[in-house]
Structures are given as structure tokens and as C-alpha cells.
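For reference, the chains in residue letters:
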Amino acid sequence: AQSVSQHNHHVILSEAASLELGCNYSYGGTVNLFWYVQYPGQHLQLLLKYFSGDPLVKGIKGFEAEFIKSKFSFNLRKPSVQWSDTAEYFCAVNERGYQKVTFGTGTKLQVIP
Amino acid sequence: DAGITQSPRHKVTETGTPVTLRCHQTENHRYMYWYRQDPGHGLRLIHYSYGVKDTDKGEVSDGYSVSRSKTEDFLLTLESATSSQTSVYFCAISETQGEDQPQHFGDGTRLSIL
């Protein structure tokens, strides 16, 4: 069964700091990869997705993620965070062609003004 | 935002009572999902549906049943609620047209079982 690991459970950064959130998955086949964000009290929203092609994916709000197949990783990055980025971030993966998605346990990001 | 409505948004009930949560979509998407979100566990799939009357179990299906009699509605039922089912429940939808599509989520239902 596939699994997703997010090693950072809680990250605290000052505004303008750079962000990198780790995501590793365990599955040997072809996968689709996603990052979702959940702002306090809200539902999950898609930040970005990787299906194929360029392994560097750009999403909304200045976020990007890089798929490194050899490392089974899909880390999320942002060069300069803002207070409004305070939220919980979830990495997710599904096997290509199958609808069941596995989510990581999430990383809570707190940005201090 | 995708047209997904979950009802009720909040519910408090007692152990042993039946509870039904409703997910309604206006996107005519084929796939619908029920997740529960708990601290330290992220989102875990309860059940999902790949068409009218077609459903399958997720990783935490015990104690839950689902029904989908119409494309737009996906019901989650707790036949006899237990305190361990206190959680936030999210419905999601997706469509596959030649390539996998991401899921879009409803606003959630906060359920407390006393």
C-alpha cells in the first residue's frame, strides 16, 4: 500500500523567510502528486499538482514543488513566506489511473509577522 | 470553488444514535469521496463512489456506510455513533477525463459524539 510521509509536523517561520516542506512517498509505480493547503477553519484547496513532464511544478500564490523520482520526494517550496501563508499543508499521492488518494499527516506552518 | 455543499455543517449527538451526513455536488462529477480529518492523522478515506450505486471501502470504513442513489448526492451514515467517530468529515469530488484530476473538497462537517 502506498504511504506518504511529511516529516515536519509544525514549522514556525518569520515573514520573508524561505520555506521548504518535505514530502516522501512509498510507491514504485507511476504516481500523481499533489499539495493541498488548508487555511484555518476552511476546506482543503489545491496548491499544485504533478502528473508528468517538467518535474518542477509551479502553483498558486508563489509556491512550487520539485518531483525527484529517485528520492521518491515532492518537496514544497516558497522563496519568501507571508503571514497569510499560515495554514496546514498536505502532500498527497495516487497511483496513475486510480482515484484513491493517500494523504500525508500534514504540516502546520505558522508565519510570524 | 467547486459546487460542493455539505450538510449539516455542525452536529452534536449522543453515542448510539444514527447520524447521516450529506454531500451534494452541482458539477456532475463521477467520483465522490468521504474523508475524516483528525489531528496527527491527516485525511483518511472512509468510502468513495465511482458512480450511482457504485461504492467501495476506504482505509477506515468500519462503522460507516454510504449510499449514492443520484449522481449529485453521496450520503455517509453512522448507524450507531461512537465517541471515536468525533471528527471533521470532508466530502470531495473529482472527474477523470483522459487523465487523473485532482479532488475538490467541501467545507466540512464538524461532528461531535458525546
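Details of the structure are given in the entry above.
Here's what I pulled together on the structure shown here. (Residues numbered from 1 in each chain as written. Chains lettered and ligands numbered in written order. Predicted model: local features only at pLDDT ≥ 70, side-chain atom pairs only at ≥ 80, totals over all residues. Heavy atoms only, no water.)

**Observations regarding the overall build of chain A**
Regarding its fold elements, chain A presents zero helices and twelve strands. Taken from N to C terminus, the helices and strands of chain A fall in the order β-β-β-β-β-β-β-β-β-β-β-β. Its C-alpha atoms give chain A a radius of gyration of 13 Å, near enough to 13 Å, the size a compact globule of 113 residues would have. Dimensions of chain A along its principal axes, counting C-alpha atoms only, are 40 × 30 × 20 Å. In chain A, 56% of the contacts between residues at least 6 apart in sequence involve partners at least 24 apart. Taken as two groups, the 10 positive and 8 negative side-chain charges of chain A have centres that lie 5 Å from each other. (Helix = DSSP H or I, 4+ residues; strand = E, 2+ residues; numbered from the N terminus. Rg over C-alpha atoms; globule rule 2.2 N^0.38 Å. Contact = heavy atoms within 4.5 Å. Lys, Arg positive; Asp, Glu negative; His and termini not counted. Charge placed at Lys NZ, Arg CZ, Asp CG, Glu CD.)

**Comments concerning the interface of chain A and chain B**
A common measure of how large an interface is: the accessible area buried when the components associate. With 23 residues of chain A in contact, the opposing surface of chain B contributes 23 residues. At the boundary of chain A with chain B, total buried surface from both sides reaches about 1,800 Å², with 55% on carbon and sulfur atoms. It is His43, Gln99 and Lys100 of chain A that lose the most area in chain A upon contact with chain B, and together they represent 36% of the buried surface on that side. Taken together, chain A and chain B are joined by zero salt bridges. Between the two partners, chain A and chain B, sit three residue pairs in polar contact (both at pLDDT 80 or more). A class-by-class count of the residues in the side of chain A that touches chain B yields nine nonpolar, nine polar and five charged. (Buried area = accessible area lost by both parts, 1.4 Å probe. Salt bridge = Lys/Arg side-chain N within 4 Å of Asp/Glu carboxyl O. Polar contact = N/O pair within 3.5 Å; in protein donor to acceptor, adjacent residues only side chain to side chain. Nonpolar A, V, L, I, M, F, W, Y, C, P; charged D, E, K, R; others polar.)

**Concerning the pattern of salt bridges**
Summed over all chains, the structure comprises eight salt bridges over all chains. The partner of Glu66 of chain A in a salt bridge is Arg77 of chain A, and the shortest N-O contact between them spans 3.2 Å. You can see Glu66 of chain A sitting in strand E8 (residues 64–68) and its partner Arg77 of chain A sitting in strand E9 (residues 73–78), a full eleven residues away along the chain. As a salt-bridge pair, Arg22 of chain B and Asp73 of chain B come within 3.1 Å of each other at their nearest N and O atoms.

**Some remarks on the nonpolar core**
With 28 residues, the main nonpolar core has Leu33, Trp35, Leu47, Leu48, Phe74, Leu76 and Tyr89 of chain A as its most contacted residues. When residues of this core are traced back to their parent elements, those giving at least two are strand E2 (10–14), strand E3 (19–21), strand E5 (31–38), strand E6 (44–50), E8, E9, strand E10 (87–95) and strand E12 (107–112) of chain A. (Core = buried A, V, L, I, M, F, W, Y, C linked by side-chain atoms within 4.5 Å. Buried < 20%, exposed > 50% of the residue type's maximum accessible area, 1.4 Å probe, protein only.)

**A short note on the sheet that holds strand E7 (residues 64–70) of chain B**
All names here are of chain B. Taken together, the four strands give an open sheet; going across it, the order is E1-E3-E8-E7, and neighbouring strands pair in antiparallel fashion. Of all the strands in the sheet, the pair left with one neighbour each is strand E1 (4–7) and E7. The sheet shows a mean angle of 15° between the axes of neighbouring strands, direction not considered. (Pairing = 2+ DSSP bridges. Axes fitted to C-alpha atoms, helices over the stretch in contact; angles between N-to-C directions.)

**Re the pairing of strand E8 (residues 73–78) of chain B**
If a strand is regular, its side chains alternate between the two faces of the sheet. All names here are of chain B. Counting buried positions along E8 gives five out of six residues, so the element sits mostly inside the fold. Relative to E8, strand E3 (residues 19–25) is paired through six bridges, and the arrangement is antiparallel. If you follow Val19 over to E8, its bridge partner there is Leu78. In terms of strand pairing, E7 meets E8 through five bridges, oriented antiparallel. Opposite Lys70, over in E8, you have Asp73 as the bridge partner. Counted along the chain from E7 to the antiparallel partner E8, the turn is two residues long.

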